[in-house]
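# A look at the structure
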Amino acid sequence: MAFDRSIKIAPSILAADFANFGAEVRAVEAEGADWIHVDVMDGHFVPNLTFGPPMVKALRRHVTTVMDVHLMISPVDAYIAAFADAGADVLTAHVEAGPHIHRTLQAIRGAGMKAGVALNPGTPAGAVAHVLDLCDLICVMTVNPGFGGQSFIDMSDKIAELRRVIGDREIHIEIDGGVDVKTAPTVARAGADVLVAGSAVFRGGSVGDPAPYGENIRAIRAAAEG
Ligand code: DX5
Ligand code: ZN
């Protein structure tokens, strides 16, 4: 995974057909997805429940790009090995998920994955100031986590502050929640490079008719790069 700060569109499979994940991943990658964003929810850290390591492992053989696993779970550490075994390329933990984010990021890297840390809308950028050298990605939530299709919460100041403190470190700034053609320019201008989009990518298409996936991805990318 060579580092570059070009715009990457990461469709979130939370908005895909849960009965057809393999076909959906193949379709959305064929339509131009750069990464695949996989939302793991435990019904404890967030008020929703999706799937765990077995599903992620089954998905792995269909992902040819980057499997970007977003853990909305607490605690995290006990599951790191299982997600490494499942084949996650990037594993992102929420700074709010427990008291030891420093140790969690060390453990994720120790398991051979790229380490990400996610910040909920109410969490200041300073919460990651002391772990910048332990992470490869910072995920700025622009919705309160748990569901797709929510309204965008503008976090431009936090994104710009992170972009400043990161400096020339090879750390991706990922934006997650409510990203579409309207909000993409805002977050790109603030300094983001990975744009997660669920409903804005999967809307209007299906495994049988994936063309809208490509149209949606191209529109979001053009809006971000414009
Ligand atoms: C929310 C998830 C997001 C969500 C994005 O808890 O972390 O990845 O699926 O979906 P949209 O793009 O529809 O807001
Ligand atoms: Zn997510």
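Structure first, text after, so check above.
Let us look at the structure shown here. Here the structure is a predicted model, which means the values were calculated and not measured.

The next point concerns the site of ligand 1. Surrounding ligand 1, one finds 20 residues, the nearest of these being D39, G146, D176, G198 and S199. For ligand 1, an oxygen atom lies 2.8 Å from a polar atom in the backbone of G149. G178 places a main-chain nitrogen or oxygen 2.9 Å from an oxygen atom of ligand 1. For ligand 1, whose free accessible area comes to 380 Å², the fraction covered by protein is 99%. The pocket occupied by ligand 1, as judged from atoms lying within 2 Å of grid points, is the largest pocket. Residue contributions to the shell around ligand 1 peak at three residues, all from strand β2 (residues 36-41). A per-class count over the shell around ligand 1 returns eight nonpolar, ten polar and two charged.

Quick look at the packing of aromatic side chains now. Summed over the entire model, instances satisfying the criterion amount to four aromatic pairs. Ring centres of F21 and F51 lie 5.5 Å apart, and the angle between their planes is 80°; this geometry places the pair in the edge-to-face category. Of the two residues, F21 is situated in helix α1 (residues 21-30) and F51 in the loop between β2 and α2 (53-60); the sequence distance between them amounts to 30 residues. For F21, a relative accessible area of 5% gives the class buried. With a relative accessible area of 11%, F51 lands in the buried category. Plain terms: the ring middles of F202 and Y213 are 5.0 Å apart, the flat faces sit at 75° to each other, and that makes the pair edge-to-face. Taken as a pair, F202 in helix α7 (residues 199-202) and Y213 in helix α8 (residues 211-225) lie far apart in primary sequence, eleven residues in all. As far as the burial class goes, F202 and Y213 line up, both buried. Feature note: the residues F18, F21 and F51 constitute an aromatic cluster, connected by ring pairs.

About the cut-offs
Residues numbered from 1 in each chain as written. Chains lettered and ligands numbered in written order. Predicted model: local features only at pLDDT ≥ 70, side-chain atom pairs only at ≥ 80, totals over all residues. Heavy atoms only, no water. Near = heavy atom within 4 Å. Polar contact = N/O pair within 3.5 Å; in protein donor to acceptor, adjacent residues only side chain to side chain. Areas by Shrake-Rupley, 256 points an atom, 1.4 Å probe, with all protein chains shown as cover. 1 Å grid on protein atoms, 1.4 Å probe; cavity = no way out; pocket = protein on both sides within 12 Å on 5 of 7 lines; lining within 4 Å. Sits in = over half its atoms within 2 Å of the grid points. Helix = DSSP H or I, 4+ residues; strand = E, 2+ residues; numbered from the N terminus. Nonpolar A, V, L, I, M, F, W, Y, C, P; charged D, E, K, R; others polar. Phe/Tyr/Trp six-rings, centres within 6.5 Å; stacked < 30°, edge-to-face > 60°. Buried < 20%, exposed > 50% of the residue type's maximum accessible area, 1.4 Å probe, protein only.

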